[in-house]
Structure formats: structure tokens, C-alpha cells
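Descriptive structure summary
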Amino acid sequence: MKLKDIRTLWNHFFFGKEPVEGIAVFRICFGLVLIVSALFLLPGFSDWFGSHAIVQASTAATFTGPGRLNLFSWLGDSENTAYFIYATHLAAVVGLTLGFFTQTSAVVAFVTLVSLHHRNPLILNSGDTALRVILFLLIFSRAGDAFSLDRWRELRRGRASGPPAPQMPWAQRLIQLQICLMYLATACFKLQGEAWSQGDAVYYSSRLWDFERFPVPFLYDSLWAMQGVTWVSMAIELALGTVVWVKEWRASILISGLLLHLSIEYAMNIPVFQWVMISLLVALVAPKDMRYLTTKMQSLWERWPLVDPLLPLPAGRRKKAA
Amino acid sequence: MRMKILPDSSADNQSFDRIETFDWRRLSLNLFVIFHLSVLFVCGMPGTFPLKEKAAQFLRPYALRMGLWQSWDMFAPEPLTLNAYLEAEVEFSDGSTRIWTFPRVSEMGVIDKMINERYRKWAVDNIRLDKHSLFWADTARYVARKTNTVPGNPPQKVFLWRYWHPIEAPQRKYVPAGYRARAGQFQKYKFFSYRVTAEDVR
């Protein structure tokens, strides 16, 4: 391979035009999870972020270190400030989901989310981390170019016509690479552990009372089955971090990932985390498959105003329209 | 600010030609992509080697300040092998004592468990550990405020206790699913004492 070939590959991967439907659908799924995650902050909100919070602002600042992006350090750490930042965040994630001033909404959602996270880092799990880092990258994407109020407005005002133009997917690629890195990193961490290599990890995890949710009768009673599940889950994570890029395998790996997260969601109490990860899988769906899925969805709705009117209509509706 | 490099156009080739004329933009985009790929790798991947450590000196401060810090060691390298909870023993000015239990999600139903998960994260995953001793005084003050319910009898001292029960290795002693240890089977340790001031409970 020549240097020129690498350059061409790089340019094709990051800057070759791609349809925007995929990143737009991802924006909606990810936005919904952001809304749910924000709502989950409400119980105990004062305990986490209020002026008499469990973790005082000064202690949090000592822990995180100086110079962090944190609106609390500029606006003060009163109860009102906390509710203002929270309400702004909620409004921004709703705006992002609907595609209303998409990029501005993403910036506001990111700054407020980071502020809340820096205010109290002791209550965060990996799902929160995923939301934060992906939201940052989403700012730079063309996620508002389709299935959004922004697009709908442009069409109504006659400023746009036809299907959304394909765009350079570099931000989308960064999101995809970030997701793969999450899976690869967690698989690498697990490979270092004895419980994972011996196959005992699911045994230990299933005996943690705090994480119990619904009963898993056969599986949790058989050491062999738990060993199998330990290794299979690690293999799926490894695949999602690496060979998910192989076109022929992508769909089956994504479905395996979906089933993995749904089964953990059933068995374990880790609120929102599995839904965060499921929403991230949407970003890995191939553009062609995403276009097929969105066209299929179009056929399910009689009229879906946010869908571009010039996308191919299903056969039944073409007849009606004629 | 929209990172709009190309005009909306269905003519791909024409757009691709146009970008060639904006080399400085292309360069800055490439630098942005390379920079953030480096941040992802340095901050997200496990393992250390000299080049990564060197790069981390430059990249980690940026990631920390911007909120791009990340770690993906969920249930890894080893899952937790014990069940734990925290209690606070509160001594009041009249000499009486009271036990204040941190919210225990293991004792809750499915919905309450979901709602209170962040209390578990705060107490069991963080406050319990010595590496988070910075937060122990704040925690004791919080407990003092919570228990300051009788006028004229404020809390004087708060002691934080950790309780834990190890999960035996399956090869040594197989623990059946759903097994619960009794209260007396937990090991316990008083890990922090705090003298409450009038300011704390105001």
C-alpha cells in the first residue's frame, strides 16, 4: 500500500459524502435517551446539585481540579442556579431530539450536561460518560439535516428542496470510532481480569444484590451457562469494537449487541445505561440499511410531515398520490 | 457556529472539487479529527506505554477541562466480589444514638431501585472507598442535617460504618442465586468520625 492510497482511504472514510438520514435517526434515539436520563436526575435533585447538596461545590471543585467547564463556578451554586441549569439542559435535549436549532441545542445540552457532571462526579456511571462524550461529537455532525424541525422549516420556506444532500461524515465517523473504542476498551479491561478469563464474571455479577432486577431461573443456577454467557458477552463486545466494520458481519454483530443489552436490561438494575448503549448502536448501522429502514417506516405512516416529501414513496402511496 | 464546509448540493463531484480549493479548511478539519482521535485513544484505552504517556501530558488536561474524560472499566478488570452497604451512627447532644442507613437499593422494589440507583453509586461505589475520603466530611454533614429533627437535641457526632459480605469463588463455595446473608454475617468497620458544628446543621 502506498502513502497515496492511505490518504485516499482516509479522505474517503472521513470526507467522502454520505447520506445524513443515519445520523439524523441516531440524533432522535440519542436525544430520547438524553431526555430520560435527565428525568432520572429529578428524584434527589437537591441532594445532588442543590445549595445543601451532599457533595459541596467546593469539595467537588477540589476533586475535579481547576479550570473545568462548569456553569456552577460562574453562576454560583445556589438551588436556583441548579434548577436553571437543569431546565436549560432539559429544554436543549428536547430541542436536539426534535431537531430544533439542532446545533445550538447540542452545544447548550453539552455545556449544561458537563456542568452537572462536574458539579457532582460521584453519582455518574459509564452511561453518563457515554452521553457526554458522544454529545460533544454530535455538535459537529449534520444531525439536523433530516427528520428535524430545522429541515421542515427550510422546506416550508423554500430554502431547501429535494432530499437532504449527502454530507461529509467526519463527525459521524468520530462518533462511530468513539463507540467502537468504548467496546474495545471494556473488552481489553475485562481480558486483564481473572474472573472474565475464567468465565466467573457473570456468576459474581448475578450475586450482587444491588443489581438484581428480574429472576433469571436457569441461567443463574448453572455455572456452565454463566461461564458461556461471560465469554459470549465478551466476544460480542470485542466484535462491536473491531469487526463491526466488516460489511457482511455488521448487521449480525449489531443484533447480537442489541440482544446483549436487552438481556442485561432485563436481568440487572443499571438504569438508562443499556438504553444509552442501544441508542449508540444506531450510529453504527450502515447508511444504506438506514435509508431502507427509514423508507420502510415511511410506508407505515400515512403522513409523517418531518420526512422529506421527495424521498421515494412506497408503492401503495404512489398510487394514492397519482 | 455550523461547521458548514460545503454548500447543500446534490452534485457530489462538484462539491468535492470545491473543497480542494479550500485547503486550509481541509487541513483544520484533518487536524481536528486527528486531535480528537488521539484524545479518544489516550483517555479511553487501557494500558500504558511511553508514547501514550507523553501524549497524555498534553491531551489529558484538555479532556478533563472539556468534560471528555472517560473510562470504560465497567465490571472490569474484575467485577465486584462483595455486597456492601453503609450506615451512619449519630450521637445526639442528650447522649442518645441513632442509626441512619444510607438508601439500600437491594431492599427496594424494581421501580424504587431504578430511581435510587444514584444513591447506591454515591455510597457503595464511591463513599465506601478510601480513595474518596475527600467526601467523607460532606457525607457526615449531610447525615447530621438529615437527623437534626428534634429541636434542642442536635447531632453531636457522626460515625460512618461500612458493612460488607464477600461472594465466595464458585470453585470454593458455590453461592446460589438469590442468597441473602443475614445481618450478623456482615463484616463491619468504622471508617470515619466527625464532630458536628452548629454551622453544619443550620
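Residues numbered from 1 in each chain as written. Chains lettered and ligands numbered in written order. Predicted model: local features only at pLDDT ≥ 70, side-chain atom pairs only at ≥ 80, totals over all residues.

**A closer look at the interface of chain B and chain A**
How we decide: Distance between backbone-placed C-beta atoms decides contact: two residues are in contact if it is within 7 Å. The helix and strand labels rest on DSSP assignments: H or I over at least four residues marks a helix, E over at least two residues marks a strand, and numbering proceeds from the N terminus. Classification used: nonpolar for Ala, Val, Leu, Ile, Met, Phe, Trp, Tyr, Cys and Pro, charged for Asp, Glu, Lys and Arg, polar for all others including Gly.
Each partner contributes to the interface: chain B provides 59 residues, whereas chain A provides 66 residues. Contributing elements (two or more residues each) for the side of chain B that touches chain A: helix H2 (23-44), helix H3 (50-66), helix H4 (110-115), helix H5 (117-127) and helix H6 (136-147) of chain B. Here the element with the most residues in the side of chain B that touches chain A is H5 of chain B; it accounts for 8 residues. In terms of residue class, the side of chain B that touches chain A is built from 34 nonpolar, 11 polar and 14 charged.

**Thoughts on the pairing of strand S1 (residues 82-92) of chain B**
All names here are of chain B. Convention followed: Here, a strand pair is defined by DSSP locating no fewer than two bridges between the strands.
Where S1 meets strand S3 (residues 155-166), 11 bridges bridge the pair, whose relative direction is antiparallel. Residue pairing for S3: Glu-91 is matched across the bridge by Lys-157. In this structure, S1 lies alongside strand S2 (residues 97-101), joined through 5 bridges in antiparallel fashion. Pairing of Glu-89 across the sheet is with Ile-99, part of S2. Count of turn residues in the S1/S2 antiparallel hairpin: 4 residues, of which Gly-95 carries a positive phi of about 90°.

**A word on the domain arrangement of chain B**
Going by this rule: Where each domain starts and ends comes from a domain assignment, either automatic or drawn from a database.
When its domains are assigned, chain B resolves into domain 1 (12-66) and domain 2 (82-195). Its C-alpha centre places domain 1 of chain B at a distance of 44 Å from the equivalent point of domain 2 of chain B.

**A few points about the confidence of the model for chain B**
All names here are of chain B. Cut-off, in case you're wondering: The predictor attaches a confidence to each residue, and that confidence, scored 0 to 100, is pLDDT.
Residues at a pLDDT of 70 or more form 89% of chain B, whose mean pLDDT is 89. Across residues 1-17 the pLDDT falls below 50, and counting only partners more than four positions away or on other chains, this stretch makes 19 contacts in the model. For this predicted complex, the interface confidence comes out at an ipTM of 0.88, alongside a pTM of 0.90.

**Brief notes about the pairing of S3 of chain B**
Consecutive side chains along a regular strand alternate between the two faces of the sheet. Pairing geometry for S3 of chain B and strand S4 (residues 187-195) of chain B, over 8 bridges, is antiparallel. For Lys-157 of chain B, the partnering residue across the bridge sits in S4 of chain B and is Arg-195 of chain B.

**Some words on the domain arrangement of chain A**
All names here are of chain A. The domain architecture assigned to chain A consists of domain 1 (19-154) and domain 2 (168-296). Put simply, the middle of domain 1 and the middle of domain 2, counted by C-alpha atoms, are 24 Å apart. The partner domain 2 presents 20 residues to the 23 residues of domain 1 that form the contact. Residue assignment for the side of domain 1 that touches domain 2 shows that the elements contributing at least two residues are helix H2 (21-39) and helix H8 (126-138). Split by residue class, the side of domain 1 that touches domain 2 holds 16 nonpolar, 6 polar and 1 charged.

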